[in-house]
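Structure at a glance
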Amino acid sequence: MNVRPGLLLVLLLAAGVAGVLAGVLIGSTGWASLGDEGMALILWEIRLPRSLGAWCAGALLGMAGAMAQGLFRNPLADPYLLGSASGAGLAVAIALALTGVSPQTSSLLAHIGLTGIAFIGTLVGVGLTLVLARGVEQTLRLLLAGVVVGVVLNALTGLATLWAPDILRAMQAFLLGNTGLLGWSSVAVMAASGAAALVIGLVASPALDALSLGESTATSLGVRMGLVRLLLIFAFALATGAAVAQTGIVAFVGLVAPHLVRVLCPMLHGRLILLSAAAGGALLLAADVLARALIRPQELPVGLVTALLGGVYLLVLMHRRGAPRQ
Amino acid sequence: MLERLLALLLLLLLGVALPAAAVEIKDDLGHTTVLAAPPQRVVSLLPSLTETVCELGACGRLVGVDRYSNFPASVNALPKLGGMDDTNIELIASLKPDVVLVAVSSRVAERLRALGMKVIALEPRSYKDVQRVLGLIGQVLGVPDAQRVWRHIEAGVAAAAGSVPAQARGMRVYYEVASGMWAAGESSFMGETLTRLGAGNIIPAALGPFPKVNPEFVVKANPALIMIGARGAEGLTERPGWHRIDAVRRGRICVFKPEEGDILARPGPRMAEAAQIMARCLRDKAAS
């Protein structure tokens, strides 16, 4: 099953538009009765930004996943690889645990906000990984450092929740992803970070193509590996950080989106990054719509739905591909 | 004659096995425990159970509690035996308790039983549960008239309800348990307290005790008052669309301090205090 990249992009974007439409029309009480008083507010200030925000977050994760898989030449790489998720989780846990303990921390929290704190946490996590790996020169060292930082920071998060167990539920919401509170400001932040990361990714994509032939080949082709890695890791951290700060840790989108588009059509990295963004956005948005529609007015954690949707779809695709040809 | 003798012997044997004071306790998991005498060394692994034991006047019999039991202050001097998932089995065994009170969800019950300890699993989740658990713990401890504590709670809640002014009655409340939008519904014990105080709740009982709700649902339901813990209150008024909610527009938001949160979140003997905290919130905000 091969689709042309242009057609695939159009299809994925159409899925996104359909998702936004469904997201605007479906809410806590089922399908919207549009004539309702106060409905305009709900449509414009809650459902539309929430739907667009979910798409943006998914696009950021898909993009970051494509960059990570290309950069590390590893199909298992995902946006949370370099300590970003664990950094954000730890920052949020500490902020929640310290709330109410002293007025200083409370006012600090009020100034920066949980989203700001999560973003700082992401950057600190990635920064720690880079320090531990002594820069970006060796891919394997970088991967290992990311794993170590992730394990250590997650352990510290565990300690924080042990110390203040009433943050457990809030932490669970963060760790399973939450698209419920996305407003226009979140959409603006994510769209801006996404545009910046996309430009960097597209500029660096020829280097990724060369890199797929091996590091030494890439270097002999004149790719300045150090610079390219640094740029890509910056873009990757920016994209992941913006998504994690606004929606928490949504599982699987970043891992599965590049695979979904690669399975449908093999392509160079520039298009892969673009298409992964469109696929990630469509996937997370579909998951968000399902999460709020299935047991309304209650909600499912969106991360569970993405894992189910993306995982099952990928399994089906693999099953088809893996079947022996007659 | 022989039959009578046998019957007498049987009675005697039974008498030895089950002395007069022996009580049989069936816990919340259906497990039956036989206590030959009122336990003198008690371990409690749930804050609300610790508070219940102390309220029944048996604080002195506690020899160890879980990490999160912090009331009354005297329990802070006892050995802390860990939390839900990291209970220190060895330390519990070394305390040689006559009985261990654990939460239903605790995973240590089996292990402790295997070590020969008597374990009673209880988990109060509603007013009715609190009353039942009080009775059970009273039986376990051999304290007469445990229901006296219950009557005290009832009286305290009724007094709190009496202090709620008429204009606060029927006020529709949204009680957020944790950010990520977990709410306390009518069927939770916080919801029961609200009902007893005469306040309304925007989360109907049909949604279960602590549903994760769509934020839009809250905007639509337009509560007149919001109750929330300090840890979830950050950015509440900036949530998309929430500026239109009555409670936000008129500043009717009660932010509970963490120590108040302890009282509000534990279905135990301090429920009357919890009712008073909520009643104070209703009083203050109805006046503003």
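These numbers were taken from a predicted model, which means no experiment stands behind them. (Residues numbered from 1 in each chain as written. Chains lettered and ligands numbered in written order. Predicted model: local features only at pLDDT ≥ 70, side-chain atom pairs only at ≥ 80, totals over all residues.)

**Examining the overall build of chain B**
Put simply, the rule is: Numbering of helices and strands runs from the N terminus; a helix is a DSSP stretch of H or I covering at least four residues, while a strand is a stretch of E covering at least two. The burial label depends on the number of other C-beta atoms within 10 Å of a residue's C-beta. Counts of 20 or more mean buried, 12 or fewer mean exposed, and intermediate counts mean partly exposed, with C-beta atoms placed from the backbone. Residues are defined as contacting one another if the C-beta atoms placed from their backbone atoms lie within 7 Å.
When helices and strands are counted, chain B shows eleven helices and eleven strands. A principal-axis box enclosing the C-alpha atoms of chain B has dimensions of 85 × 40 × 35 Å. Counting over 288 residues, chain B shows a buried share of 47%. In chain B, 55% of the contacts between residues at least 6 apart in sequence involve partners at least 24 apart.

**Looking at the pairing of strand β2 (residues 32–35) of chain B**
Residue and element names in this part refer to chain B. Threshold: The pairing criterion for strands is at least two bridges between them, as found by DSSP.
In terms of strand pairing, strand β1 (residues 23–26) meets β2 through four bridges, oriented antiparallel. Of the residues in β2, the one forming a bridge with V23 is L35. Linkage of β1 to β2, two consecutive antiparallel strands, is achieved through a turn of five residues, within which G30 is found at a positive phi near 85 degrees.

**A closer look at the domain arrangement of chain B**
The accessible area lost on association of the parts is a frequent measure of interface size. All names here are of chain B. Rule in force here: Residue ranges assigned to each domain were obtained from an automatic or database domain assignment. When residues are sorted by character, Ala, Val, Leu, Ile, Met, Phe, Trp, Tyr, Cys and Pro go into the nonpolar class, Asp, Glu, Lys and Arg into the charged class, and all the rest, Gly among them, into the polar class.
Parsing chain B into structural domains produces domain 1 (18–144) and domain 2 (164–287). Domain 1 and domain 2 are separated by 31 Å when their C-alpha centres are compared. Each side of the interface is counted separately: domain 1 has eleven residues, and domain 2 has eight residues. A per-element tally of the side of domain 1 that touches domain 2 places helix α2 (residues 47–55) first, with five residues. For the side of domain 1 that touches domain 2, the residue count by class is four nonpolar, three polar and four charged.

**A word on unusual backbone geometry**
A cis amide bond links R296(A) with the next residue in sequence, P297(A), at an omega value of 0 degrees. Counting through the fold element by element, P297(A) comes out in the loop between α11 (269–293) and α12 (302–322). Following F71(B), the chain continues to P72(B) via a peptide bond in cis, the omega torsion being -10 degrees. Summarising the element assignment, P72(B) is placed in the loop between β4 (62–65) and α3 (89–94). Its identity is not glycine, yet R73(A) carries a phi of approximately 50 degrees, on the positive side. As for its position among the elements, R73(A) is in the loop between α2 (39–71) and α3 (84–98). Given 14 C-beta atoms within 10 Å, R73(A) falls into the partly exposed group. Of note in this structure, K96(B) is not a glycine but carries a positive phi near 45 degrees. With respect to the helices and strands, the residue K96(B) is situated in the loop between α3 and β5 (99–102). On the basis of neighbour counts, which here come to 10 C-beta atoms within 10 Å, the residue K96(B) falls in the exposed class.

**Observations regarding the interface of chain A and chain B**
At the interface, 32 residues of chain A touch 31 residues of chain B. Of all the elements in the fold, those that place two or more residues in the side of chain A that touches chain B are α2, α4 (103–132) and α6 (168–176) of chain A. Looking at the side of chain A that touches chain B element by element, the count peaks at six residues for α2(A). Along the lines of polarity and charge, the residues of the side of chain A that touches chain B split into 16 nonpolar, nine polar and seven charged.

**Let's talk about the environment of A291(A)**
Mapped onto the secondary structure, A291(A) falls in helix α11. Remark: the alpha-carbon pair of A291(A) and L175(A), spanning 116 residues in sequence, is separated by 16 Å.

**Here we look at the packing of helix α1 (residues 5–25) of chain A against α11(A)**
Residue and element names in this part refer to chain A. Defined as follows: The convention used is that axes are lines fitted to C-alpha atoms, helices contributing only their stretch in contact, and that angles between N-to-C directions extend from 0 to 180 degrees. Roughly parallel means an angle under 35 degrees; roughly antiparallel, over 145; roughly perpendicular, 65 to 115; everything else is oblique. Left-handed describes a crossing whose near helix is turned anticlockwise from the far helix by less than a right angle; the clockwise case is right-handed.
In contact at an axis separation of 9 Å, α1 and α11 are set at 25 degrees when each is read in the N-to-C sense. Classed by the angle they form, the pair α1 and α11 counts as roughly parallel. In the crossing of α1 with α11, the sense of the turn from one axis to the other is left-handed. Facing P5, L8, L9, L12, L13, A15, G16, G19, V20, A22 and G23 of α1, the residues of α11 in contact are R271, L274, L275, A278, A279, G281, A282, L285, A286, D288 and V289. Taken together, the residues that form the contact of α1 with α11 break down as 16 nonpolar, four polar and two charged.

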